[in-house]
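# Summary of structural features
Residue strings, one per chain:
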Amino acid sequence: MPPETFYGMQEPLPVVTICLIAATVIVSIAGFRNRAVEDRLIFCPENIMRDKQGYRLVTSAFLHQNWPHLIFNMYSLYAFGRWIELRVGVGALLAIYFASVIGGSLLSLFIHRHHVYKAYGASGGVCGIIFAYIFLFPGSGIYILFVPAPIPAWAYAIAYLLYSFYGLKSARDNIGHDAHLGGAIIGLLTTTAMYPGIVGASPKLYAAVMLISLGIFVYLLRNPLFLPLNSFAPDRPATRPPPRRPEKKPLDINAILDKISKSGMQSLTKAEHEALMKASRGKRPKDEGGEESSSG
């Protein structure tokens, strides 16, 4: 179940959570309608590193691929973020959300720093909020759309990490799937720094989540493009193919004969002498096409 209500009182309005959702919806719609807006705000390692456009680490969270992607993320942000805002505080909500957004983006930047790659979505921030909720309210269940019963927090946390890893390996879209992992880890670490008691409240779940997250993180570092583990060899200097030897042009028999008439046989080089001997046996040297032809 969600955290207990406010003792029978009407639930306050989660103003900051709603403002975050409104800003994300507005920017996402602008990106749907105008490709230039998307290109200017989307996560792109080349622009971030080469052009020093660090703002993309944050602005990409306000863009989404399509309406289903936007609706799912915003529903999740409202479902979990409002409880953190109302029961823990606005400062905690903003710190966890934006630390998770930036953490997820930094993980993506590190993984894809040498790749042509673009991504968007608030998934990193939402993941951080979800994992903060799970450990701030360890007895709570997680409600998901179209699922009538709550899912235990521990099962949801582990299943979410495994599903994100599956999405990383199978996706062919521009959703920042690897930001899920970075957001979850940074969100949980931020929450731990603010409220260290969450470790003692759920030590086994905390250890399981961290071990799974670190395992996936190591795999990502070794396999940024998700090739088999043994497919990545240590970096080696690029080797150039050996230079091709220039092909020898066939000697002109007529020129050799002219040379003999002028200077005698003793003036011929070894190659000219061999060419003359081959010609005298009814053969000519190989021509430029590599084919031999008989003299006539």
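Whatever comes next refers back to the structure up there.
Attention here is on the structure that accompanies the text. This is a predicted model, so every value here is computed, not measured.

For the rest of this paragraph, the subject is a nonpolar patch on the surface. Judged by side-chain polarity, L13, V15, I18 and Y78 come together as a nonpolar surface patch covering roughly 350 Å² of accessible area. Structurally, Y78 is set in helix 5 (residues 67–88). Taking relative accessible area as the criterion, Y78 reaches 33% and is therefore assigned partly exposed.

A word on the packing of helix 1 (residues 15–33) against helix 5. Their axes nearest at 9 Å, the elements helix 1 and helix 5 cross at an angle of 165°. Here helix 5 runs roughly antiparallel to helix 1, going by the angle between their axes. Crossing hand, helix 1 versus helix 5: right-handed. For the pair helix 1 and helix 5, contact is made by V15, V16, T17, I18, L20, I21, T24, V25, S28, I29 and F32 and by W67, L70, M74, L77, Y78, G81, R82 and E85, respectively. When its residues are assigned to classes, the contact of helix 1 with helix 5 shows 13 nonpolar, four polar and two charged.

We now examine the packing of aromatic side chains. In this structure the tally under the stated criterion is six aromatic pairs. Look at F32 and W67: their rings are 5.5 Å apart centre to centre, the planes differ by 55°, and that puts the pair in the tilted class. Here W67 lies in helix 5 and F32 lies in helix 1, a separation of 35 residues in the sequence. Among the residues examined, W67 registers a relative accessible area of 44% and is labelled partly exposed. Ring geometry for Y133 and F137: centres 5.3 Å apart, planes at 55°, overall tilted.

Let's shift gears to the pattern of salt bridges. Going through the model one piece at a time under the given rule, you end up with four salt bridges. Residue D39 pairs with R35 through a salt bridge whose shortest N-O separation is 3.2 Å. A residue pair is termed a helical-turn pair when its members lie 3 or 4 positions apart in one helix, as D39 and R35 do in helix 2 (residues 35–41) at four residues. Judged by its relative accessible area of 57%, R35 falls in the exposed class.

Definitions and cut-offs
- Residues numbered from 1 in each chain as written.
- Predicted model: local features only at pLDDT ≥ 70, side-chain atom pairs only at ≥ 80, totals over all residues.
- Heavy atoms only, no water.
- Patch = residues over 30% accessible without salt bridge, like charges linked within 9 Å, V, L, I, M, F, W, Y side chains within 5 Å.
- Areas by Shrake-Rupley, 256 points an atom, 1.4 Å probe, with all protein chains shown as cover.
- Salt bridge = Lys/Arg side-chain N within 4 Å of Asp/Glu carboxyl O.
- Helix = DSSP H or I, 4+ residues; strand = E, 2+ residues; numbered from the N terminus.
- Buried < 20%, exposed > 50% of the residue type's maximum accessible area, 1.4 Å probe, protein only.
- Axes fitted to C-alpha atoms, helices over the stretch in contact; angles between N-to-C directions.
- Parallel < 35°, antiparallel > 145°, perpendicular 65-115°, else oblique.
- Left-handed = near helix turned anticlockwise from the far one by under 90°.
- Contact = heavy atoms within 4.5 Å.
- Nonpolar A, V, L, I, M, F, W, Y, C, P; charged D, E, K, R; others polar.
- Phe/Tyr/Trp six-rings, centres within 6.5 Å; stacked < 30°, edge-to-face > 60°.

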